[in-house]
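The lines below spell out each chain.
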Amino acid sequence: MADEPEAAPAGVEEVDDSEELTPGYKAPEKKSVAEIQELDADDESLVRYKKALLAGAEKVEDEGGPNVLVKALVFAPVGHERICLDLTGDTSKLKDSPFVIKEGTPYRIFIKFRVQREIVSGLRYFQTTHRKGIRVGKDNLMVGSYGPKTEVYEYGTPEDEAPAGMMARGHYTVKSKFTDDDKNIYLEWEWSFDIKKDWA
């Protein structure tokens, strides 16, 4: 949330993910779980790695829909209760239901998600924060690669700190996006918060 302010064109809703996150990184060739299991069968360490990555993949619950299901965003302030945004229903209402953050509070954001059928490589989380139509923050984070699993994965962002001071108080909107190496967009959503002097 701490970039230099930058004007946002009117009506632009997408999160800017054009910057390369990891210079020199090349997405791996897409392969099915079966193909991956058959590769390098004589490499013992690779076989162990694949076994760990694909543990239980044959019994994974499939809820339908995309390979990656984004379940929730959890705002986790230090010293205060967590705020959970359910991302499984109508996310369009989230931007109209801001929650309060006390100025200067350190926090992390956690994304909860499931991978259903195939290994997903290079999951990324993008986020831009706006105030009064001006971009005041931008995050472009590598989440990683994950195998199919019935249980929910949880990715946590590095710790950040809410801005502080009279000029920082006010209403903020955030545009978030969860994608992978193949540019599949699993979910885009908007949410909002108000920075105040205290939690009330």
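Remember, it's a predicted structure, so these values are computed and weren't measured experimentally. (Residues numbered from 1 in each chain as written. Predicted model: local features only at pLDDT ≥ 70, side-chain atom pairs only at ≥ 80, totals over all residues. Heavy atoms only, no water.)

Novice: In this structure, what is going on with the overall build of the protein chain? I would like to understand it.
Specialist: On a plain count of helices and strands, the protein chain comes out with 2 helices and 11 strands. For the protein chain, the N- to C-terminal ordering of α and β elements is β-α-α-β-β-β-β-β-β-β-β-β-β. Within the protein chain, buried positions represent 41% of all 200 residues. Sequence-distant contacts in the protein chain: of pairs separated by 6 or more residues, those separated by 24 or more amount to 74%. Within the structure as shown, the protein chain displays about 11,100 Å² of accessible surface, and the carbon and sulfur contribution to it stands at 51%. (Helix = DSSP H or I, 4+ residues; strand = E, 2+ residues; numbered from the N terminus. Buried < 20%, exposed > 50% of the residue type's maximum accessible area, 1.4 Å probe, protein only. Contact = heavy atoms within 4.5 Å. Areas by Shrake-Rupley, 256 points an atom, 1.4 Å probe, with all protein chains shown as cover.)

Novice: Explain the pattern of salt bridges here, please?
Specialist: Opposite charge on two side chains allows them to pair when their charged atoms are near. Here the structure, examined in full by the defined rule, presents 5 salt bridges. Between Lys71 and Glu63 there is a salt bridge whose closest N-O contact spans 3.0 Å. Across the pair Lys112 and Glu154 runs a salt bridge whose closest N-O atoms are separated by 3.8 Å. Of the two residues, Lys112 is situated in strand β5 (residues 106–115) and Glu154 in strand β8 (residues 153–156); the sequence distance between them amounts to 42 residues. Taking the relative accessible area as the measure of exposure, Lys112 reaches 30% and is therefore partly exposed. Judged by relative accessible area, which is 42%, Glu154 ranks as partly exposed. Linked by salt bridges that have partners in common, Glu63, Lys71 and Arg114 make up one network. (Salt bridge = Lys/Arg side-chain N within 4 Å of Asp/Glu carboxyl O.)

Novice: Is there a simple way to think about the packing of aromatic side chains in this case?
Specialist: Each pair of aromatic rings is reported with the distance of its centres and the angle of its planes. Applying the stated criterion across every chain, the model contains 11 aromatic pairs. Look at Trp191 and Phe193: their rings are 6.1 Å apart centre to centre, the planes differ by 45 degrees, and that puts the pair in the tilted class. Across the pair, Phe193 and Trp191 agree in class, each one buried. A network of ring pairs unites the aromatic residues Phe75, Phe99, Tyr107, Tyr172, Trp191 and Phe193 as a single cluster. (Phe/Tyr/Trp six-rings, centres within 6.5 Å; stacked < 30°, edge-to-face > 60°.)

Novice: Help me understand the nonpolar core in this model?
Specialist: The nonpolar side chains of a soluble globular protein tend to be buried with one another. Grouped together as the largest cluster of nonpolar side chains are 35 residues, with contacts concentrated most on Phe113, Phe178, Trp189 and Trp191. If one sorts the elements of this core by residue count, strand β11 (residues 185–196) sits on top with 6 residues. Aside from chain neighbours lying at most four places away, what touches Trp191 is Leu73, Leu85, Leu94, Lys95, Phe99, Ile109, Tyr125, Gln127, Tyr172, Thr173, Val174 and Ser176. (Core = buried A, V, L, I, M, F, W, Y, C linked by side-chain atoms within 4.5 Å.)

Novice: So what exactly am I meant to see when it comes to the pairing of β5 here?
Specialist: Side-chain direction in a regular strand flips from residue to residue, so the side chains alternate between the two faces of the sheet. Burial within β5 is extensive, with 7 of its 10 residues counted as buried. Where strand β2 (residues 68–77) lies against β5, 9 bridges are found, and the strand directions are antiparallel. Residue pairing for β5: Ala76 is matched across the bridge by Arg108. Of the pairings in the sheet, the one linking β5 to strand β9 (residues 160–161) comprises 2 bridges and is antiparallel in character. (Pairing = 2+ DSSP bridges.)

Novice: Can you help me understand the pairing of strand β7 (residues 134–146) in this one?
Specialist: As judged from the 10 bridges shared by strand β6 (residues 120–131) and β7, these two strands associate in the antiparallel manner. Following the sheet pairing, Gln127 is matched in β7 by Asp139. Turn length for the β6-β7 hairpin, with the two strands adjacent in sequence and antiparallel, is 2 residues, and the turn residue Lys132 shows positive phi of about 55 degrees.

Novice: Can you help me understand the environment of Leu187 in this one?
Specialist: Residue placement: Leu187 occurs in strand β11. A residue is classified by how much of its surface remains accessible, and Leu187, at 19% relative accessible area, is buried. Between the alpha carbons of Leu187 and Val70 there is a distance of 6.8 Å; along the sequence they are 117 residues apart. Residues in contact with Leu187, not counting those within four places in the same chain, are Val70, Leu87, Ser176, Lys177 and Phe178.

That is the geometry; function is a separate question.
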